[in-house]
Amino acid sequence: MNLQPYIEKRDFTKTTEPVAGTSTNKNNLVFVVQKHAASHLHYDFRLEMDGVLKSWAIPKGPSTDPKAKHLAMMVEDHPFDYRNFEGNIPHGEYGGGTVIVWDQGTYEPIEPIEGKTAREKALLKQLSTGSIKIKLHGQKLNGEFALVKTHGMGENDWLLIKHNDQFASANDITLQDRSVISHKNLEEMAISADNVWNHDSKLHV
Ligand code: MN
C-alpha cells in the first residue's frame, strides 16, 4: 500500500476528501464505484486490497454487457475511507468537481477462497499479473467481472469486462444515475451543501 501519491496530489486544507481509514470488516472486502464530474466525467472503480482502495478511472463507466470492453485507467491508491466520500471537491483543486457514490458492496475472487486474508493475497497476485477475476455483490453491479491489463496500450490501461452470467445485460446500467447513499444525482449533489464528508464526523446525510 502506498498513499503518498494520493496525499501529494491534494491540499487537505482545501479539500474535504479523506486522508486515511482502516477496514473493520473481518470477513469481506469492499468495492465502490464513484461517479465523478471533474474536468471530464468518469467513474472511479475501487477495490479494497492491502488496506487501501486500488483505483481505476473509467471514462465510459462500467457496463453489464459482455461485449463492451471499457477502458479503465489505473490511478493512485486511495485511502479506505474514500469509499464513503461524496460531495464537492473545490474548483481548482485536484479532481475539482462533484462526486457521488454510484455503487457499493462487497466483492471476492471468482475462484472460491475461504477467508478475507487469503482472498486478498490471491487478488494481490492477480493484480501483479494484470488479470483480476472478481465477483461483485453491489446494489447496481453484480456477478462476475474481469479487469485485464492491456498490452500495447498505455502502461496503466486496463479493460473492465463483464462475464456472461445471469447478471449480464445489454441495458445501460449508467442510466441509473443516483447515489446509493444520498440518492442524489450529480446535479443535485453539486448544488447541495448539506451532504459533505468531513474529517471529524464522516458522512453527514
Ligand atoms: Mn475521479
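Description of the structure in this document.

Cut-off values and rules
- Residues numbered from 1 in each chain as written.
- Predicted model: local features only at pLDDT ≥ 70, side-chain atom pairs only at ≥ 80, totals over all residues.
- Heavy atoms only, no water.
- Helix = DSSP H or I, 4+ residues; strand = E, 2+ residues; numbered from the N terminus.
- Expected span 1.5 Å × (residues − 1).
- Buried < 20%, exposed > 50% of the residue type's maximum accessible area, 1.4 Å probe, protein only.
- Arc of directions from axis to C-beta.
- Salt bridge = Lys/Arg side-chain N within 4 Å of Asp/Glu carboxyl O.
- Donors = N, O, S within 2.8 Å, 3.2 Å for Na, K, Ca; no water.

**So, helix 2 (residues 116-129)**
Across its 14 residues, helix 2 extends 20 Å between first and last C-alpha, which sits within 8% of the 20 Å expected from 1.5 Å per residue. By the burial criterion, the buried members of helix 2 are K116, R119, E120, A122, L123, Q126 and L127. The buried residues of helix 2 occupy an angular sector of 165° when projected down its axis, which confines them to one face. Away from the buried face of helix 2 by more than 90 degrees, exposed residues T117, K121, K125, S128 and T129 are located. After helix 2 finishes, the residue G130 shows a positive phi value of roughly 80°.

**A word on unusual backbone geometry**
With glycine set apart, most residues show a phi of negative sign, and most peptide bonds adopt trans. You will see that D50, though not glycine, has its phi angle at about 60°, which is positive. Among the structural elements, D50 can be located in the loop between strand 2 (41-49) and strand 3 (52-58). On the basis of relative accessible area, D50 is assigned to the partly exposed category, the value being 31%. Even without being glycine, H183 reaches a positive phi, approximately 65°.

**Regarding the pattern of salt bridges**
Once their charged atoms are close, side chains differing in charge can pair, the charge on each being opposite to the other. Throughout the structure, instances matching the rule amount to ten salt bridges. Between E76 and R10 there is a salt bridge; the shortest N-O distance is 3.1 Å. In this pair, E76 sits in strand 4 (residues 69-79) while R10 sits in the loop between helix 1 (4-9) and strand 1 (29-37), placing the two residues 66 residues apart along the sequence. Look at E76 and you get buried, because its relative accessible area is 11%. We classify R10 as buried; its relative accessible area is 11%. A salt bridge links K116 to E48; its shortest N-O distance comes to 2.9 Å. Remark: E48 occurs in strand 2 and K116 occurs in helix 2; sequence separation between them is 68 residues.

**Some points on the coordination of the manganese ion**
Only H36 (ND1), H42 (NE2) and D44 (OD) from the protein coordinate the manganese ion, and they sit 2.2 to 2.3 Å from it. Spacing between the donor residues of the manganese ion along their common chain follows H-x5-H-x1-D.

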